[in-house]
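Remarks on the overall topology
The chain contents come next:
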Amino acid sequence: MRTSMARSKGHRHAFGQHFLSLNTTIVQLIDLLKRNISEFPIDQLIEIGPGKGAITFPIIEAIGSDLNFIAIEKDDRLYAYIDEKLRDTAPNRCLNIVHSDFLKYEIDTRLRSGIISNLPYSSSVAILNDLNLHRLSIQFMILMFQKEVADRLIAPPSTKQRGSLSVAMQNVWDIHHKIEVPASAFTPPPKVVSSVLEFRSRSEPRVARSTQAKHLLLWEKLLSLAFTQKRRMLRKNFSNHPTFFAALRASGVDPTLRAEQLSWEDWNAIFSNLSHRT
């Protein structure tokens, strides 16, 4: 098994994954999970990429057998490893190990879900975007990111880290930084620090009508144009798009601002004018 897992670690590293091994961080994650479950009752808990089970088995001990727990593992060897370990150590627990790429997995949106994951660095944003599609059935998410990505996700207005990802996610989630995780907490240690973020689904978006089906593509287009060149003023980014430029002028928002400087009131003013013009 040791030889097999040595090969698996190298294969897993190709996916951008590092294995969590520091017990202090694991305890913090489990405590955060228990607080969320107590506040937001769920029907199923989904762990993306359990790896060697560093938090999988502590989760089993924490939640017992009353909650449906699904762990989705893409890697062949790691799936076999954790499946065998589960049979040896927790054969009667309510855990379903699924051998799949999460991006191809269909979440049962009829159920209220909680999500937890030490996300692979290389696919963290892709997985987050996929999760965002199912946000109406997701009560909370506890996700670990490379700190650089986490800083973008929580960046407030008028900071250099703020971009389209910040605005898109903060529009529909309340996002809070919870745990700073040093490189030494992983095996092998990455070259960067990681951060654990807590996501709680908002009942209404911060920008009115932006999540309505008929306006969703318009909202995405607005974000794309506004952040096309972050250092340029809005009026320049919109200059070749008459409808967007007219909405900016009618909104009363200062056209010399950059997208990263906009408040939620500014976004609402621009999008309100824009959505009434299309």
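The structure this text deals with has already been given above.
Residues numbered from 1 in each chain as written. Predicted model: local features only at pLDDT ≥ 70, side-chain atom pairs only at ≥ 80, totals over all residues. Heavy atoms only, no water.

Re the overall build of the chain
What counts, and what does not: Segments assigned H or I by DSSP are reported as helices when at least four residues long, segments assigned E as strands when at least two residues long, and all are numbered from the N terminus. Radius of gyration: over C-alpha atoms. The globule rule applied is 2.2 Å multiplied by the number of residues raised to the 0.38 power. Classification of residues uses two cut-offs on accessible area relative to the type maximum, computed with a 1.4 Å probe and protein chains only: under 20% is buried, over 50% is exposed, and between them is partly exposed. When checking whether two residues touch, look at their non-hydrogen atoms; a contact exists if any pair is within 4.5 Å. Note that accessible areas follow from Shrake-Rupley with a 1.4 Å probe, and for residues the cover is restricted to the protein chains shown. By the counting scheme adopted, Arg and Lys are positive, Glu and Asp are negative, and His together with the chain ends is not counted. A single reference atom marks each charge: NZ on Lys, CZ on Arg, CG on Asp, CD on Glu.
Assigned secondary structure in the chain consists of 11 helices and 9 strands. Expected size for 278 residues packed as a compact globule is a radius of gyration near 19 Å; at 21 Å, the chain falls within 12% of this value. Over its C-alpha atoms, taken along the principal directions, the chain stretches across nearly 65 × 40 × 30 Å. Burial analysis of the chain (278 residues in total) assigns 49% to the buried set. Within the chain, contacts between residues separated by at least 24 positions form 73% of all contacts whose residues are at least 6 apart in sequence. Total accessible area on the chain is roughly 13200 Å²; 49% of this is exposed by carbon and sulfur atoms. If the 36 positive side-chain charges of the chain are averaged to one point and the 27 negative ones to another, these points end up 8 Å apart.

Topic: the layout of surface pockets
In plain terms, the rule: Definitions used throughout: a 1 Å grid over protein atoms alone; a cavity as a set of points that fits a 1.4 Å probe which cannot get out; a pocket as an open set with protein on both sides within 12 Å along at least five of seven lines; a lining residue as one with an atom within 4 Å of a point. Grid points are joined across faces, edges and corners, and a volume is the space filled by probe spheres set on the points. Ten residues, namely Ala, Val, Leu, Ile, Met, Phe, Trp, Tyr, Cys and Pro, are considered nonpolar, four, namely Asp, Glu, Lys and Arg, are considered charged, and the remaining ones, Gly among them, are considered polar.
Reported here for the largest pocket is a volume of approximately 600 Å³. Residue lining of the largest pocket: 26 residues in total, with N132, R135, V172, L216 and E220 positioned closest to the centre. At the level of elements, helix 5 (124–132), helix 7 (164–172) and helix 8 (216–226) are the ones that each hand at least two residues to the lining of the largest pocket. The element contributing the most residues to the lining of the largest pocket is helix 7, with 6 residues. Here the residues of the lining of the largest pocket are counted per class, giving 10 nonpolar, 12 polar and 4 charged.

Comments concerning helix 11 (residues 264–275)
The test is simple: In this scheme, a helix's expected span is set at 1.5 Å multiplied by one less than its residue total. Throughout, the arc means the angular range of directions from the helix axis out to the C-beta atoms.
Between its first and last C-alpha atoms helix 11 spans 16 Å; for 12 residues at 1.5 Å apiece the expected length is 16 Å, and the two agree. Among all positions of helix 11, only W264, D266, W267, I270, F271, L274 and S275 are buried. Viewed end-on, helix 11 has its buried residues packed into an arc of 155°, placing them on one side of the element. Of the surrounding secondary structure, the elements contacted by the buried residues of helix 11 are helix 7, helix 8, helix 9 (234–237) and helix 10 (242–251).

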